[in-house]
Amino acid sequence: MRAMTATLCAAAALGLVSVWTVPVANAASLAEIYSRLAFEAADGNGDQVIDEAELVADTAAGFVALDDNGDRRLDRRELAEPDPALFARLDRNRDGSVSFAEALANKVEMFEHVDSNDDGVLSIDEAIAFDRQACVKLASAAKPAATRCGY
Ligand SMILES: [Ca+2]
Ligand SMILES: [Ca+2]
Ligand SMILES: [Ca+2]
């Protein structure tokens, strides 16, 4: 299960793609199942919370899985031609590719925002909120009606 989950999560771990945009009737339950699987995969020590070290490890795993040519940068092709607005948000120094530092900066920002009780770790409920926020960001960056969140 973990290997399959890792593949499924690779892109979503970076907040770059989202299965929360799947336009099916039961998308809400799919989204929550996905969030729980992603949470389990990211919770390396199994203590039911995701700390910042686990977030870094999860982001790194996703980054490596997407980096087809191994140059430690994600270009548009490796990101499956993302929406230009989304890409621009990730590519902070505007050099045309997303470095690990840029990908991580995006994740850490979201982590801090979603850690609503400020205890420095994400619970499952906060993680679901985190996923939902990633989806909303994607949906707002995407063309209207092209995607919608499963929550
Ligand atoms: Ca943990
Ligand atoms: Ca690359
Ligand atoms: Ca860049």
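A brief structural summary.

1. Focus: the overall build of the protein chain
Link 1 in the chain: Each helix and strand counted, the protein chain has 6 helices and 2 strands in total.
Link 2 in the chain: Starting at the N terminus and ending at the C terminus, the protein chain contains elements arranged as α-α-α-β-α-β-α-α.
Link 3 in the chain: Within the span of the protein chain, comprising 151 residues, buried residues form 28% of the whole.
Link 4 in the chain: Considering only contacts within the protein chain whose residues lie at least 6 apart along the sequence, 62% involve residues at least 24 apart.

2. A look at helix H3 (residues 52-66)
Link 1 in the chain: For H3, built from 15 residues, the straight-helix expectation of 21 Å at 1.5 Å per residue is met to within 8% by its first-to-last C-alpha distance of 21 Å.
Link 2 in the chain: For H3, every residue scored as buried is listed here: Leu55, Asp58, Thr59, Gly62, Phe63 and Leu66. Within H3, the buried residues cover an arc of 135 degrees as seen down the axis, which keeps them to one side. The exposed residues of H3 that point more than 90 degrees off its buried face are Ala53 and Val64.

3. Brief notes about the packing of H3 against helix H5 (residues 100-114)
Link 1 in the chain: The interhelical angle for the contact between H3 and H5, taken along N-to-C directions, is 140 degrees, at an axis separation of 10 Å. It follows that H3 is oblique to H5 by the angle criterion. With respect to the hand of their crossing, H3 and H5 are arranged in right-handed fashion. Taking contact as the criterion, the partners of Glu52, Leu55, Val56, Thr59, Ala60 and Phe63 in H3 are, on H5, Phe100, Ala103, Leu104, Lys107 and Phe111.

4. Thoughts on the nonpolar core
Link 1 in the chain: By size, the foremost hydrophobic cluster in this structure holds 15 residues, and its most contacted members are Ala38, Phe39, Ala42, Ile50, Leu122, Ala127 and Phe130.
Link 2 in the chain: The element contributing the most residues to this core is helix H2 (residues 27-42), with 6 residues.
Link 3 in the chain: Counting 6 residues, the second-largest nonpolar core is a separate cluster that includes Leu66, Leu74, Val98 and Ala103.

Rules used in this analysis
- Residues numbered from 1 in each chain as written.
- Chains lettered and ligands numbered in written order.
- Predicted model: local features only at pLDDT ≥ 70, side-chain atom pairs only at ≥ 80, totals over all residues.
- Helix = DSSP H or I, 4+ residues; strand = E, 2+ residues; numbered from the N terminus.
- Buried ≥ 20, exposed ≤ 12 C-beta atoms within 10 Å, placed from the backbone.
- Contact = placed C-beta atoms within 7 Å.
- Expected span 1.5 Å × (residues − 1).
- Arc of directions from axis to C-beta.
- Axes fitted to C-alpha atoms, helices over the stretch in contact; angles between N-to-C directions.
- Parallel < 35°, antiparallel > 145°, perpendicular 65-115°, else oblique.
- Left-handed = near helix turned anticlockwise from the far one by under 90°.
- Core = buried A, V, L, I, M, F, W, Y, C linked by C-beta atoms within 7 Å.

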